[in-house]
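# Structural overview for review
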Amino acid sequence: NAGVTQTPKFQVLKTGQSMTLQCAQDMNHEYMSWYRQDPGMGLRLIHYSVGAGITDQGEVPNGYNVSRSTTEDFPLRLLSAAPSQTSVYFCASRSPGSNQPQHFGDGTRLSIL
Amino acid sequence: KQEVTQIPAALSVPEGENLVLNCSFTDSAIYNLQWFRQDPGKGLTSLLLIQSSQREQTSGRLNASLDKSSGRSTLYIAASQPGDSATYLCAVMPDSNYQLIWGAGTKLIIKP
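Overview of the structure. (Residues numbered from 1 in each chain as written. Chains lettered and ligands numbered in written order. Predicted model: local features only at pLDDT ≥ 70, side-chain atom pairs only at ≥ 80, totals over all residues. Heavy atoms only, no water.)

Before going further, it helps to spend a moment on the interface of chain A and chain B. With 25 residues of chain A in contact, the opposing surface of chain B contributes 23 residues. Of the roughly 1,900 Å² buried between chain A and chain B, counting both surfaces, carbon and sulfur atoms make up 53%. At the boundary of chain A and chain B, one finds zero salt bridges. The interface formed by chain A and chain B includes seven residue pairs in polar contact (both at pLDDT 80 or more). Counting residues per element, the side of chain A that touches chain B draws most heavily on strand β4 (residues 31-37) of chain A, at four residues. (Contact = heavy atoms within 4.5 Å. Buried area = accessible area lost by both parts, 1.4 Å probe. Salt bridge = Lys/Arg side-chain N within 4 Å of Asp/Glu carboxyl O. Polar contact = N/O pair within 3.5 Å; in protein donor to acceptor, adjacent residues only side chain to side chain. Helix = DSSP H or I, 4+ residues; strand = E, 2+ residues; numbered from the N terminus.)

This is the structure in structure tokens:
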């Protein structure tokens, strides 16, 4: 089972460049989300989606865009990369219900120079 | 605003010991609480999920408890092994549509 797949695994960008982090899940999960993880801090929610065509902002949405055109895919776009966006990015998915755990991808390690 | 705290930030114990990891949260109105494991350079693996109406969950050598009135959860690891070395993260889901709010984690080292 593939689960949640994130690409690329590593990326180095220059300040001002744009890019898209890809996330795909094959479990038919309605809910998908993006988190960033920084040293010494817990994960922080960037954006999330409760179904195709529906997205909402999390705790730290500035500088990022998302869209959800299909159930399977939830790409995260960095509009104009800044050094403060250097982080590890995780995509997650789950089904509705209080007994449904989140499933995570292996992460994308992003460095902005 | 819900906040999640994990103490200690790091813990080192000899192999074979039983140990407890702590998680506290500020708002008792939660949907569920989850414990995850993260190995270096890897993603997160769900260990245990406790729904709001439950008091504990068990999986193998792991037992997680939930006390909403005091805003606390504990993860008990029995007979620790070197393979248990990892960072353990606690996360709270405030409601059914939102996502998780995370503690900073406890880095656990089990010495052979």
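It is worth spelling out the sheet that holds strand β8 (residues 76-78) of chain A at this point. Residues and elements named next belong to chain A. Pairing is antiparallel across the open sheet formed by four strands, whose spatial order is β1-β3-β8-β7. Two strands close off the open sheet at either side, each with one partner strand: β1 (4-7) and β7 (64-66). The sheet shows a mean angle of 20° between the axes of neighbouring strands, taken without regard to direction. Bridge analysis of strand β3 (residues 19-25) against β8 gives three bridges, and the strand direction is antiparallel. In the sheet register, T20 faces β8, and the bridge partner there is R77. (Pairing = 2+ DSSP bridges. Axes fitted to C-alpha atoms, helices over the stretch in contact; angles between N-to-C directions.)

Attention shifts here to the state of the cysteines. In a disulfide, the sulfur atoms of two cysteines are held together by a covalent bond. Enumeration according to the criterion identifies two disulfides over all chains in this entry. With a sulfur-sulfur separation of 1.9 Å, C23 of chain A is cross-linked through a disulfide to C91 of chain A. Disulfide C23 of chain A-C91 of chain A: the torsion about the S-S bond is -70°, which places it as left-handed. Taken as a pair, C23 of chain A in strand β3 and C91 of chain A in strand β9 (residues 87-94) lie far apart in primary sequence, 68 residues in all. In this structure C23 of chain A comes out as buried when scored by relative accessible area, which is 2%. A relative accessible area of 0% means that C91 of chain A is categorised as buried. With a sulfur-sulfur separation of 2.0 Å, C23 of chain B is cross-linked through a disulfide to C90 of chain B. Here C23 of chain B and C90 of chain B share a disulfide; its torsion about the S-S bond, -60°, makes the bridge left-handed. (Disulfide = S-S within 2.5 Å. Buried < 20%, exposed > 50% of the residue type's maximum accessible area, 1.4 Å probe, protein only.)

On their own, these measurements won't tell you what the molecule is for.
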